[in-house]
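What the coordinates show
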Amino acid sequence: MSTTSRTRSQTRLSRSLGIALTPKAARYLEKRPYGPGQHGRTKRKSDSDYAVRLREKQRLRAQYGIREKQLTIAFKEARRQDGLTGENLVELLEMRLDALVLRAGFARTTAQARQMVVHRHILVDGKIVDRPSFRVKPGQLIHVKARSEAMEPFQVAAAGGHAEVLPNVPGYLEVELDKLQARLVRRPKRAEVPVTCEVQLVVEYYSGR
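The following refers to the structure shown. Because the structure is a prediction, the values reported are computed rather than measured.

Let's shift gears to the nonpolar core. If you look at the biggest cluster of nonpolar residues, it comprises 46 residues, and the most contacted ones within it are Leu-60, Tyr-64, Leu-89, Leu-97, Val-101 and Ile-122. Residue contacts for Val-101: discarding those within four places in its chain leaves Phe-106, Ala-107, Ala-113, Met-116, Val-117, Ile-122 and Ile-142.

In structure tokens, the structure reads:
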């Protein structure tokens, strides 16, 4: 899929779910705060409980850019842990390497963060990790490979070029942007994670299957 096609599909998905998945989609939503297609402006019929839960699950999936199977595995793990399953789920997803690369400000979008990881530009505690789903542990250091630091995307990031489109750095990350490094200091708490989602509806969706 070309970059233009991917951007268009992400914008369409953003309008469908009512959340901005990219900075470009955020600008679109400001101009067109309704769903895509010829019926986008018409008032949506009241959705069934299932449809509401499904859409919330799709919202969570889209914000992390993960496949259904990955979300299902994370949900099962969240359910086994102590505490509220929905909150556990978001906290586990937030410890993915690609999510933290984005939160640290190294990338502008989830897709760009994933690409940086897959193309072997990102290290964890000095070792290359090319799996976006890699679970970062508290205390671990995420940093850009020395040979990659001179590349334009990382130079833009180090200069704070994504600050206007990203949320503030959350409290569970310590970031030295000029050095292109970030440390996960503790497990994220759901309330701090900049993700739009009614997690209880996601729990109900999976529990009802």
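Turning our eyes to something else, we now look at the pattern of salt bridges. A side chain of one charge can pair with a side chain of the opposite charge when the charged atoms of the two come close. Applying the stated criterion to the full structure yields 13 salt bridges. Of the charged contacts, one joins Glu-68 and Lys-57 as a salt bridge, the two residues approaching to 2.7 Å between their closest N and O atoms. Of this pair, Glu-68 sits in helix α4 (residues 68–80) while Lys-57 sits in helix α3 (residues 49–64), and the two are 11 residues apart along the sequence. Under the relative-accessibility criterion, Glu-68 is labelled partly exposed at 23%. The salt bridge partner of Glu-94 is Arg-103, with a shortest N-O separation of 2.5 Å. By relative accessible area, which is 12% here, Arg-103 ends up buried. One continuous salt-bridge network, built from bridges that share partners, spans Lys-57, Arg-61 and Glu-68.

It is worth spelling out the sheet that holds strand β3 (residues 141–144) at this point. Here we have five strands laid out as an open sheet, ordered β2-β1-β3-β5-β4, and antiparallel in their pairing. With partners counted over all chains shown, the strands left at the sheet margins are β2 (127–128) and β4 (173–176), one partner each. Where β3 and strand β5 (residues 181–184) come together, three bridges link them in antiparallel fashion. Paired with Ile-142 across the strands is Ala-182, a residue of β5.

The rules behind the values
Residues numbered from 1 in each chain as written. Predicted model: local features only at pLDDT ≥ 70, side-chain atom pairs only at ≥ 80, totals over all residues. Heavy atoms only, no water. Core = buried A, V, L, I, M, F, W, Y, C linked by side-chain atoms within 4.5 Å. Buried < 20%, exposed > 50% of the residue type's maximum accessible area, 1.4 Å probe, protein only. Contact = heavy atoms within 4.5 Å. Salt bridge = Lys/Arg side-chain N within 4 Å of Asp/Glu carboxyl O. Helix = DSSP H or I, 4+ residues; strand = E, 2+ residues; numbered from the N terminus. Pairing = 2+ DSSP bridges.

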